Amino acid sequence: MMRFSNQLLTLTVLALSATIAQTSTAQAQNKATRPNILFIFSDDHAYQSISAYGSVVNQTPNLDRIANEGMRFDRAFVTNSICGPSRAVVLTGKYGHLNGFVRNGNTFNGNQQTVSKLLQKAGYQTAVIGKWHLKSTPIGFDYYHVLIGQGPYYNPPMRTTEGPVNHIGYTTEIITDQTLKYLKERRDPEKPFFLMYQHKAPHRNWQPGPQEINNYNNETIPEPITLFDDYKGRTSAARNQAMTVKDHLSRFDLKLDPPKNLTPEQLKVWNAAYDKKNAELEKLNLEGDALIRWKYQRYVKDYLRCIDSVDKNVGRVLDYLEESGLAENTIVIYTSDQGWYLGEHGWYDKRWMYEESFRTPLMVRWPGKIKPGTVSKDMVMNLDFAQTFLDIAGAEQPADMQGASMKPVFEGETPDDWRQSVYYHYYEFPGAHSVAKHNGVRTERYKLINFYENKEWELFDLQEDPNELSSVYDNPDYADIKKELEGELKRLQEFYKDDGTVINFGAARAKAYPTQLVRRFRFGDSENTEKSPHGTAVVTNGKKQVFNQPSSGKFNPEYKPVTLGGFIYPTSGNGVIAAQGGASLGYTMQLVNGKISFSVRSQGQLFSAVGPEIALNQWTHVVAVLNRNAKLTFFVDGKEIQTDIKAAFLTGAPADAFTLGLDGGSLVGEYGAANGFQGKIADFRLYWGTLDKEELQGWRDPN
Ligand SMILES: [Ca+2]
């Protein structure tokens, strides 16, 4: 017995040690074969301002480390050159029309498949720190610490997994501090990590940090050769934008006014940097080209100061990777959500399919896998990140993702069937900077752009005309190329399933939640009421709101229409009947010169629809239906009037209260504070959803 026990014990011990040995081998293998992924994402960073890309305007020694020790991509493109949509593409590996996020202001549907969720499933710990800009709460991240919306350059409030936090300091530094804190303290060292370290900088309006605010003071930054572009040789789209250094920089952009949220200490440093220079400018009294040149210098220097801080802070993280020994098994990616104009074509901003904004910087370091100092000319895209990360993690790539893993490209083994053309689609019109909607295709040598709402095309021969100054679309010499590219554009649209419609995740939600009566105003207990044929009416003098309902935050016309109206008896042809929201987002229903009018404020821009005249001193039933699909319909005494409102959309729920009788607080419309409706209002209702004909009729005539 004794002997047997001993044997058993020995066997058990042997088996146990074998298991332990196996486990630790697996762990070692796991550690050796599954690299950490550090994704460094800046916002609006032009490759023209990275010295690894041959910048003539600045030096970025730390960013260059990634290129020098890894690979620089000279043909990295985005699907849609704008912040939010690019972020959604990175997370989903799908074009905007399939991930539902095609323009800033959309809300990212975090319930869909994302690379962060798939990496979590594959055993990675996931985190996002810095700019998020997708509105919805980050899903698929074990840890997040993100800016709210765009977030300020100084003193940012942030949302974290553990609740809201208020920081004091410069945002680029704070995001880096939090990233280092995550690497040092928060993560589980036993698991590989996927960390998105995402800067706000160098986004508009380029507020330098206290450490860099005096850089470039005694320098003149070289101008791009297209700073004084006259837009001849291209379609009307290029002329009709609103993003020129010449005309469209604000006083805040130009630092003629300081930011409003600085601490007294910070303001002191700020004023010391700008007050004297601004005073000198007043004396110079510049105009014409000289003023444009001055604006260019002021703008670009501030932009570069923001980059200086990004460069320095990325250096801190790279240093920590080295010190901690993490560098060896961490793939480091530096890229931006898209490129940017540093005065090229006379512009700042992005959006276009022209090279400076269509391209984005991309540098990747992966010790032992990527040969140091290599340059890739392969056409890669932000569409490829999701699959690349999954491939690196050894996880499966879902068939419905639309990019391709760049891993073989990193390893110097570009597949034979790698893409030879890139498809682009920009949607945000009307919108900030007024860049027309367009899609197009770029091949190695040519680029075809279709401004499809304007029915205008451009074709560029990038070899002959690298600055894209003269479209050859109408040049008969290019007839064959044009035909070929038109075919390629069509092929890519089919390949990427872009038939012009955008997936509406809200449709299912809207269906699940039928029309709701949010509020019916019957004024039974109010002051200033009198009897009317339509129940109790409230008498308004135009100076006082008759009702104020706080925003529920739920009432979101992005995915369900809004129906608003009731009986009105105007004694004046001007005044706000009802409004919600303010100067950045909201809607207002009013009489303007006797006509019923409905306006939407979206991302600060105002879009208005005007309906028919409403008679004074009599009752009229007036309803406006605001639809998601840029449609606005009036029903005046039951008569349907479709209007041509260009952008009757709201991209979210207005935060301000709903007010009846006037627009108070932050104003939606461009009227003064004394904007109220004068007359009587009865049976006013607010529905979330639409009504059918019978329901509308029942509202007008309850019997
Ligand atoms: Ca951006």
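Calculation rules
- Residues numbered from 1 in each chain as written.
- Predicted model: local features only at pLDDT ≥ 70, side-chain atom pairs only at ≥ 80, totals over all residues.
- Heavy atoms only, no water.
- Helix = DSSP H or I, 4+ residues; strand = E, 2+ residues; numbered from the N terminus.
- Rg over C-alpha atoms; globule rule 2.2 N^0.38 Å.
- Buried < 20%, exposed > 50% of the residue type's maximum accessible area, 1.4 Å probe, protein only.
- Contact = heavy atoms within 4.5 Å.
- Pairing = 2+ DSSP bridges.
- Phe/Tyr/Trp six-rings, centres within 6.5 Å; stacked < 30°, edge-to-face > 60°.
- Lys NZ or Arg CZ within 6 Å of the ring centre and 35° of its normal.
- Axes fitted to C-alpha atoms, helices over the stretch in contact; angles between N-to-C directions.
- Parallel < 35°, antiparallel > 145°, perpendicular 65-115°, else oblique.
- Nonpolar A, V, L, I, M, F, W, Y, C, P; charged D, E, K, R; others polar.
- Donors = N, O, S within 2.8 Å, 3.2 Å for Na, K, Ca; no water.
- Polar contact = N/O pair within 3.5 Å; in protein donor to acceptor, adjacent residues only side chain to side chain.
- Salt bridge = Lys/Arg side-chain N within 4 Å of Asp/Glu carboxyl O.
- Lys, Arg positive; Asp, Glu negative; His and termini not counted.

Student: For this particular structure, what's the right way to read the overall build of the protein?
Tutor: On a plain count of helices and strands, the protein comes out with 15 helices and 30 strands. Computed over the C-alpha atoms, the radius of gyration of the protein is 29 Å, within 12% of the 27 Å expected from 2.2 N^0.38 for a compact globule of 703 residues. The principal-axis extents of the C-alpha atoms in the protein amount to approximately 100 × 85 × 60 Å. Within the protein, the fraction of its 703 residues that count as buried is 57%. In the protein, the share of contacts with a sequence separation of at least 24, taken over all contacts with a separation of at least 6, comes to 69%.

Student: Hey, could you run me through the pairing of strand E9 (residues 330-336) in this one?
Tutor: Side chains on a regular strand alternate between the two faces of the sheet. Counting buried positions along E9 yields seven of seven residues, so the element is predominantly enclosed. Residues Thr330, Val332, Tyr334 and Ser336 line one face of E9 and the alternating positions Ile331, Ile333 and Thr335 line the opposite face, and both faces are buried. As paired elements, strand E1 (residues 36-42) and E9 share seven bridges and run parallel to each other. When the bridges of E9 are listed, serine 42 appears paired with serine 336. Bridge count between E9 and strand E10 (residues 362-365): four bridges; the pairing is antiparallel. Bridging across to E10, threonine 335 finds its partner in leucine 362.

Student: Whenever I open this one, the packing of aromatic side chains confuses me. Can you help?
Tutor: The relation between two aromatic rings is expressed through the spacing of the ring centres and the mutual angle of the planes. In the structure shown here, the tally under the stated rule is 41 aromatic pairs. Ring geometry for tyrosine 303 against tryptophan 340: centres 6.0 Å apart, planes inclined by 10°, an arrangement best described as stacked. Placement of tyrosine 303 in helix H9 (residues 288-324) and of tryptophan 340 in the loop between E9 and helix H10 (355-358) is noted, with a sequence separation of 37 residues between them. A residue is classified by how much of its surface remains accessible, and tryptophan 340, at 0% relative accessible area, is buried. Arranged with centres 6.4 Å apart and planes meeting at 90°, the rings of tryptophan 366 and phenylalanine 410 form a pair that is edge-to-face. You can see tryptophan 366 sitting in the loop between E10 and strand E11 (374-376) and its partner phenylalanine 410 sitting in helix H12 (residues 407-410), a full 44 residues away along the chain. Tryptophan 366 sits in the buried class, given a relative accessible area of 4%. For phenylalanine 410, a relative accessible area of 2% translates into the label buried. Here the aromatic residues Tyr231, Tyr341, Trp347, Trp352, Tyr354, Phe451 and Phe460 are joined through ring pairs into a cluster of three or more. Residue placement shows lysine 200 over the ring face of tyrosine 153; its charged tip is 5.0 Å from the ring centre. Taking NZ or CZ as reference, arginine 359 lies 3.8 Å from the ring centre of tyrosine 47, over its face.

Student: Help me understand the packing of helix H2 (residues 61-68) against H9, please; the structure alone is not making it clear to me.
Tutor: In a pair of packed helices, the angle between the axes and the distance between the axes together describe the arrangement. Where H2 meets H9, the axes come as close as 7 Å, and the angle between the chain directions of the two elements is 50°. Looking at the two axes, H2 sits oblique to H9. Between H2 and H9, the contacting residues are Pro61, Asn62, Leu63, Arg65 and Ile66 on the first element and Asp311, Lys312, Val314, Gly315, Leu318, Asp319 and Glu322 on the second. Residues of the contact of H2 with H9, tallied by class, amount to five nonpolar, two polar and five charged.

Student: So what exactly am I meant to see when it comes to helix H11 (residues 385-392) here?
Tutor: Helical geometry note: an α-helix holds 3.6 residues per turn, so side chains three or four residues apart project in the same direction. In terms of burial, H11 is largely enclosed, as seven of its eight residues are buried. Buried within H11 we find Phe385, Ala386, Gln387, Thr388, Phe389, Leu390 and Ile392. A positive phi of about 75° marks glycine 394, the residue just after H11.

Student: Before we go on, may I ask you to explain the coordination of the calcium ion in this structure?
Tutor: Put simply, the ideal angle at a metal is 109.5 degrees for four donors in tetrahedral geometry and 90 or 180 degrees for six donors in octahedral geometry. The coordination sphere of the calcium ion contains the protein donors Asp43 (OD), Asp44 (OD), Cys83 (SG), Asp337 (OD), Asp337 (OD), Gln338 (OE1) and Gln338 (NE2), at a distance range of 2.1 to 2.9 Å. Considered as a linear motif, the donors of the calcium ion on their single chain read D-D-x38-C-x253-D-Q. Here cysteine 83 is found in helix H3 (residues 83-92), whereas its partner glutamine 338 is found in the loop between E9 and H10, with 255 residues between them in sequence.

Student: So what exactly am I meant to see when it comes to the side chain of threonine 563 here?
Tutor: The residue threonine 563 is located in strand E21 (residues 562-570) in this model. Within the structure, threonine 563 has its side chain in polar contact with the backbone oxygen of glycine 689 (distance 2.7 Å). If we ignore the near neighbours within four places in the chain, the residues touching threonine 563 are Val623, Ala624, Val625, Arg685, Leu686, Tyr687, Gly689, Thr690, Leu691 and Trp699.

Student: What is the right way to look at the pattern of salt bridges in this model?
Tutor: Once their charged atoms are close, side chains differing in charge can pair, the charge on each being opposite to the other. Going through the model one piece at a time under the given rule, you end up with 38 salt bridges. A salt bridge links aspartate 230 to lysine 232, with the nearest nitrogen and oxygen atoms 3.8 Å apart. A relative accessible area of 61% places lysine 232 in the exposed class. In this structure, the salt-bridge partner of arginine 251 is aspartate 257, at a minimum N-O distance of 3.0 Å. For arginine 251, a relative accessible area of 48% corresponds to the partly exposed category. Connected through salt bridges with shared partners, the residues Asp43, Arg87, Lys131 and Asp337 form a single ionic network.

Student: How do you make sense of the side chain of arginine 187 when you look at a structure like this?
Tutor: Tracing the sequence through the fold places arginine 187 in the loop between helix H6 (171-186) and strand E8 (193-198). With no salt bridge to any partner, buried arginine 187 finds its closest opposite charge in aspartate 188, at an N-O distance of 7.1 Å. Those residues in contact with arginine 187 that sit more than four places away from it in its chain are Gln125, Tyr182, Phe193 and Leu326.

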